[in-house]
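Structural characterization, general
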Amino acid sequence: MAEQYLRKVYIDVTSRGVKETVTARIENLRIKFKVGKTKKSEPNKGEIEIYNLSEKTRSLFEAKNCGVILYAGYLGLNPNGILGTNLFSSKSVEVVFKGNVIKFNHVKEGTDIITKLELGDGDNAFRNRTLDKGYPPDTKLSLPMKDLASALGLPKGAQIEIPDKNIGNGLTLSGLVREHLDNLCDRYD
């Protein structure tokens, strides 16, 4: 298993409490993870297991809007997979998953305490973001789609395959962003 020799995995945790926001990096511990990506409208899911965190670090996951960024890769490799001169460069360690903690628990197995996290990619925004806005007749479909993406906090990115259609009678959006996105995508293919 030579490929795993210079493997690097770490996690950044942002815990937003009532009085303060705490950010911590978890590294140099045993970390197992499983992430998935789909084309469905629900958030992508991830699972992480972290072995033997301190009690203080375990308490970070108790905050209501706890965010996690998972990084993984191999140290010292350039993009072509060739070992570089600086083995401790993190240039080939990339973000694998970014999301919110949906559920967590701490399990004792033998001498280990395993912190198990269930994550959702943008789960808080998906469940809670709303948009209340009206659009006049003959508005291009791309405008409400951009507004909905912005309301979710998504980066502008490329909006590909949005039909170049006008919304004939205008449009009123009031309520959850996820429902509006699903409805507009179904209505306009």
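To keep things clear, this report deals only with the structure shown in the data block. (Residues numbered from 1 in each chain as written. Predicted model: local features only at pLDDT ≥ 70, side-chain atom pairs only at ≥ 80, totals over all residues. Heavy atoms only, no water.)

1. What to know about a negative patch on the surface
Taken together, Glu42, Glu179, Asp182, Asp186 and Asp189 make up a surface patch of like negative charges. Structurally, the position occupied by aspartate 189 is in the segment after helix H4 (177-187). Residue class for aspartate 189 comes out exposed when judged on its relative accessible area of 80%. (Patch = residues over 30% accessible without salt bridge, like charges linked within 9 Å, V, L, I, M, F, W, Y side chains within 5 Å. Areas by Shrake-Rupley, 256 points an atom, 1.4 Å probe, with all protein chains shown as cover. Salt bridge = Lys/Arg side-chain N within 4 Å of Asp/Glu carboxyl O. Lys, Arg positive; Asp, Glu negative; His and termini not counted. Charge placed at Lys NZ, Arg CZ, Asp CG, Glu CD. Helix = DSSP H or I, 4+ residues; strand = E, 2+ residues; numbered from the N terminus. Buried < 20%, exposed > 50% of the residue type's maximum accessible area, 1.4 Å probe, protein only.)

2. Digging into the packing of aromatic side chains
Following the criterion strictly, the structure yields 1 aromatic pair and no others. Judged by centre distance (4.6 Å) and plane angle (20°), the ring pair of tyrosine 10 and tyrosine 71 falls under stacked. Of this pair, tyrosine 10 sits in strand S1 (residues 7-16) while tyrosine 71 sits in strand S5 (residues 67-74), and the two are 61 residues apart along the sequence. The pair formed by tyrosine 10 and tyrosine 71 is uniform in burial state, with each residue classed as buried. One residue, arginine 30, lies across the ring of tyrosine 51, its end atom 4.3 Å from the ring centre. (Phe/Tyr/Trp six-rings, centres within 6.5 Å; stacked < 30°, edge-to-face > 60°. Lys NZ or Arg CZ within 6 Å of the ring centre and 35° of its normal.)

3. Observations regarding the side chain of threonine 14
Along the chain, threonine 14 falls in strand S1. Excluding residues within four positions of it along the chain, threonine 14 makes contact with Thr21, Val22, Thr23, Asn65, Cys66 and Gly67. (Contact = heavy atoms within 4.5 Å.)

4. Description of helix H3 (residues 142-151)
For H3, the set of buried residues is Pro144, Met145, Asp147, Leu148, Ala149 and Ala151. Of the surrounding elements, those touching the buried residues of H3 are strand S8 (130-135), strand S9 (139-140), strand S10 (166-167), strand S11 (171-176) and H4.

5. Observations concerning the pattern of salt bridges
Taken as a whole and judged by the stated rule, the model has 6 salt bridges. With a closest N to O distance of 3.7 Å, glutamate 118 and lysine 103 form a salt bridge. One end of the pair, glutamate 118, is in strand S7 (residues 112-120); the other, lysine 103, is in strand S6 (residues 93-109), with 15 residues separating them in the sequence. The partner of aspartate 147 in a salt bridge is lysine 133, with the nearest N and O atoms 3.0 Å apart. With aspartate 147 in helix H3 and lysine 133 in strand S8, this residue pair connects regions lying 14 residues apart in the sequence. Salt bridges linked by common partners bring Lys32, Glu49 and Lys116 together as one network.

6. What to know about the pairing of strand S4 (residues 45-51)
Sheet topology places strand S3 (residues 31-35) next to S4; 5 bridges connect them, and they run antiparallel. Following the sheet pairing, valine 35 is matched in S4 by glycine 46. As judged from the 7 bridges shared by S4 and S7, these two strands associate in the antiparallel manner. Its bridge partner being in S7, lysine 45 is matched across the sheet by glycine 120. (Pairing = 2+ DSSP bridges.)

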